[in-house]
Amino acid sequence: MPEGEKTRQCKQEEEHRQKEEEREGLIEFYGSYQELFQFFCSNTTIHGAIRLVCSKKNKMKTAFWLTFPAVTLCTLNPYRYSAIRKKLDELDQITHQTLLDLYDYNMSLARSDWSTLSTRKRSSRSLLHHVQRHPLRRQKRDNLVNLPENSPSVDKNDWKIGFVLCSENNKDCFHQAYSSGVDAVREWYSFHYINILAQMPDAKALDESDFENFIYACRFNEATCDKANYTHFHHPLYGNCYTFNDNSSSLWTSSLPGINNGLSLVVRTEQNDFIPLLSTVTGARVMVHDQNEPAFMDDGGFNVRPGIETSISMRKEMTVRLGGSYSDCTEDGSDVPVQNLYSSRYTEQVCIRSCFQLNMVDRCGCAYYFYPLPTGAEYCDYTKHVAWGYCYYKLLAEFKADVLGCFHKCRKPCKMTEYQLSAGYSRWPSAVSEDWVFYMLSQQNKYNITSKRNGVAKVNIFFEEWNYKTNGESPAFTVVTLLSQLGNQWSLWFGSSVLSVMELAELILDFIAITFILALRWFRSQQQLSPPQPPPNSHDNTAFQDEAPALSAPHRFTVEAVVTMLPSYNSLEPRGPSRDGEVGHE
């Protein structure tokens, strides 16, 4: 190979090697701004608005997603579960006879509920015994003072109706009376119904979910719901309940406000095979609440009317309270002297119900069926706890009067989320469209309800506005505010500034220093003027007092000048007449 060609080849290889080194250096220190930002977005721990830059789709609306709340929907009527159907039939028969005796009202029951008289007596003997211990009675209103002034009369004879509750030894009894016969019958029936439920050893026997037969259609954000989007639980009075969007792992988020961007449900409201003595209304009950909070249907729920489309708009509000010395709130309930019996986070209602249940177990020896069961306790059942009803109603009166102190012990949480609701109503389906709507329901959901108008209802739940409101607390006076106010008042009344205050402070310090110096001088002068005191056990001889050695300090001598007049030398001269004459002349 010629020498020139070899040299040229070496130069090319050297240039190629340098380019590779430069390329590797650029890759190590990012070859462009795009690579730099890609590496930053992939490895950064920053959250929030930075994701608008790092997002590949980069849609501004993703920054304004709102988490949709949990929605609980109940059938509003307890169901005749197969596990307790026999005892419920017996209770209905006893109630039928009671209403016939009291009001001469012949309650209509299904033919399948009636059997032969002998069989009915044998099967209901145990239940009849407990019902007779708590009979439903009508009494004359002897003491009208204790009743409210607006209490309506049961009938023209001015009766009051209720049931009797006695202690275990029957020595103390009281009449749980009501001014309305309807309320008295429902409460009396509910009392025995709770005892029947409490006798079930396994609560799963009441878990008869029938989602498809109750909810005909479910859509969120124009997408169909499935079974993964709801959880089921049983309520003693409201029957089967379904909570949507309660799964914290996959929460719904709403991207836009409006009726088309929320939850839409078509529900069945026909009361087929329900308990008419326990529930006197028809429809469904809905409650909107935050995730990880129990649905207390008595407090925040509202009813949905059959044959009506109910549109519910929501506004989210957050409340942040100051803790510590500013307000009596709690962060997580750990400092509240009440055990949380619910498997949820702390709320005021959770604490109040837990407080009542704990007092119920302590006083009555058993737990109330409506609330969670404490560890080591069992639900109240008059087959085991004969006088639990007597104890319960006594305790309930004390609870409402705050004798138990539950309302005082349970404090508000420092942070809470609420939803302000407003509802609108319209007829659904309309008169011109109901035929084809009901036909489609019958084809898809086996809809075979005869009373079409009262058999279905529609519910829409959505955000009204695309924002939320935060109510916060701040201290009325902080240290900075206090100093500022003091400065303002000082300037107003004394016409001085901060520099003037510093001058006054300096004056006060100087005054104190001078006072200290003058006091010290006065004290020293007093010590010098006072004669020394002889030491104890010393000799009283003044001849030796001046001879005491003073090694620590030198003696001070006072030197007095003594002037002695010289004698007159004229007296040494001889005396003569001439001299005498001179003297006399003088």
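Summarised in this report is the structure supplied together with it.

1. Quick look at the pattern of salt bridges
- Taken as a whole and judged by the stated rule, the model has 11 salt bridges.
- Its salt-bridge partner being E317, residue R315 comes within 3.7 Å of it at the nearest N-O pair.
- Classification of R315 by relative accessible area gives partly exposed; the value is 34%.
- When its relative accessible area of 13% is taken as the criterion, E317 is described as buried.
- One salt bridge connects R363 with E398, and the closest N-O pair in it is separated by 3.1 Å. Here R363, found in helix α10 (residues 348-364), pairs with E398, found in helix α11 (residues 388-400); they are 35 residues apart in sequence, far enough to count as distant.
- Judged by its relative accessible area of 43%, R363 falls in the partly exposed class.
- According to the relative accessible area criterion, E398 is partly exposed, its value standing at 25%.
- Counted as one network, the salt bridges with shared partners bring together D290, E293 and R345.

2. Observations regarding the side chain of T72
- Examined against the element boundaries, T72 turns out to sit in strand β2 (residues 70-74).
- Reaching out from T72, the side chain makes a polar contact with the side chain of T243 at a distance of 3.0 Å.
- Polar side-chain contacts of T72 include one of 2.8 Å to the side chain of H289.
- Once you skip the residues sitting within four places of it in the chain, T72 turns out to touch F233, C241, Y242, T243, R285, V286, M287, H289, A295 and M297.

3. What about the packing of aromatic side chains?
- Scanning the model with the defined rule gives 26 aromatic pairs in all.
- Judged by centre distance (6.4 Å) and plane angle (50°), the ring pair of F191 and Y393 falls under tilted. Of this pair, F191 sits in helix α7 (residues 181-198) while Y393 sits in helix α11, placing them 202 residues apart in sequence.
- Residue classification places Y393 among the buried residues on the basis of a relative accessible area of 7%.
- Through successive ring pairs, a cluster of aromatic residues spans F163, F191, F356, Y368, F370, Y371, Y382, W388, Y392, Y393, F399 and F407.

4. Observations concerning unusual backbone geometry
- Cis peptide bonds are those with omega within 30 degrees of zero, and the linkage from W428 to P429 qualifies with -15°.
- Its location among the elements puts P429 in the loop between β17 (415-427) and α13 (434-445).
- Although it is not a glycine, N292 sits at a positive phi angle of roughly 60°.
- Note that N292 resides in the loop between β12 (284-289) and α9 (297-300).
- A relative accessible area of 40% means that N292 is categorised as partly exposed.
- Positive phi, close to 60°, is recorded for D402, a residue that is not glycine.
- Along the chain, D402 turns up in the loop between α11 and α12 (406-409).
- For D402, a relative accessible area of 31% corresponds to the partly exposed category.

5. A short note on the sheet that holds strand β8 (residues 230-235)
- If you trace the 5 strands from one edge of the open sheet to the other, you get β8-β9-β2-β12-β13, paired in antiparallel fashion. With partners counted over all chains shown, the strands left at the sheet margins are β8 and β13 (302-304), one partner each. Averaged over all neighbouring strand pairs, the angle between strand axes comes to 25°, with direction disregarded.
- As judged from the 3 bridges shared by β12 and β13, these two strands associate in the antiparallel manner. If you follow V286 over to β13, its bridge partner there is F302.

6. Focus: empty space enclosed by the protein
- Under the criterion given, the structure shown has 1 cavity of 30 Å³ or more.
- Reported here for the largest cavity is a volume of approximately 30 Å³.
- In terms of lining, the largest cavity is formed by A228, N229, N245, D246, N247, S250 and W252.
- Residues that form the lining of the largest cavity fall into these classes: 2 nonpolar, 4 polar and 1 charged.

7. A few points about the layout of surface pockets
- By volume, the second largest pocket is sized at about 710 Å³.
- If you go around the second largest pocket, you meet 28 residues; those closest to its centre are E293, T347, M416, T417 and E418.
- Listed by contribution, the elements that provide at least two residues to the lining of the second largest pocket are β12, α9, α10, β16 (412-413) and β17.
- Each residue belonging to the lining of the second largest pocket can be placed in one class, and the counts come to 11 nonpolar, 6 polar and 11 charged.

8. Some remarks on the state of the cysteines
- Inspection of every chain in the model, using the stated rule, returns 8 disulfides.
- Here C218 pairs with C225 through a disulfide, and the sulfurs are 2.2 Å apart. On the sign convention where negative means left-handed, the S-S torsion of about -70° between C218 and C225 marks this disulfide as left-handed.
- Assessed through its relative accessible area of 14%, C225 is described here as buried.
- The disulfide bridge from C329 ends at C414, spanning 2.1 Å between sulfur atoms. Across the S-S bond linking C329 and C414, the dihedral sits near 90°, which makes this disulfide right-handed. Placement of the pair is C329 in strand β15 (residues 329-330) and C414 in the loop between β16 and β17, with a sequence separation of 85 residues.

9. Some points on α7
- Taking 1.5 Å of rise per residue, 18 residues should cover 26 Å, and α7 covers 26 Å from first to last C-alpha, within 8% of that figure.
- Within α7, 14 of the 18 residues are buried, which leaves it mostly tucked inside the rest of the structure.

Definitions and limits used
Residues numbered from 1 in each chain as written. Predicted model: local features only at pLDDT ≥ 70, side-chain atom pairs only at ≥ 80, totals over all residues. Heavy atoms only, no water. Salt bridge = Lys/Arg side-chain N within 4 Å of Asp/Glu carboxyl O. Buried < 20%, exposed > 50% of the residue type's maximum accessible area, 1.4 Å probe, protein only. Helix = DSSP H or I, 4+ residues; strand = E, 2+ residues; numbered from the N terminus. Polar contact = N/O pair within 3.5 Å; in protein donor to acceptor, adjacent residues only side chain to side chain. Contact = heavy atoms within 4.5 Å. Phe/Tyr/Trp six-rings, centres within 6.5 Å; stacked < 30°, edge-to-face > 60°. Pairing = 2+ DSSP bridges. Axes fitted to C-alpha atoms, helices over the stretch in contact; angles between N-to-C directions. 1 Å grid on protein atoms, 1.4 Å probe; cavity = no way out; pocket = protein on both sides within 12 Å on 5 of 7 lines; lining within 4 Å. Points joined across faces, edges and corners; volume = space filled by probe spheres on them. Nonpolar A, V, L, I, M, F, W, Y, C, P; charged D, E, K, R; others polar. Disulfide = S-S within 2.5 Å. Expected span 1.5 Å × (residues − 1).

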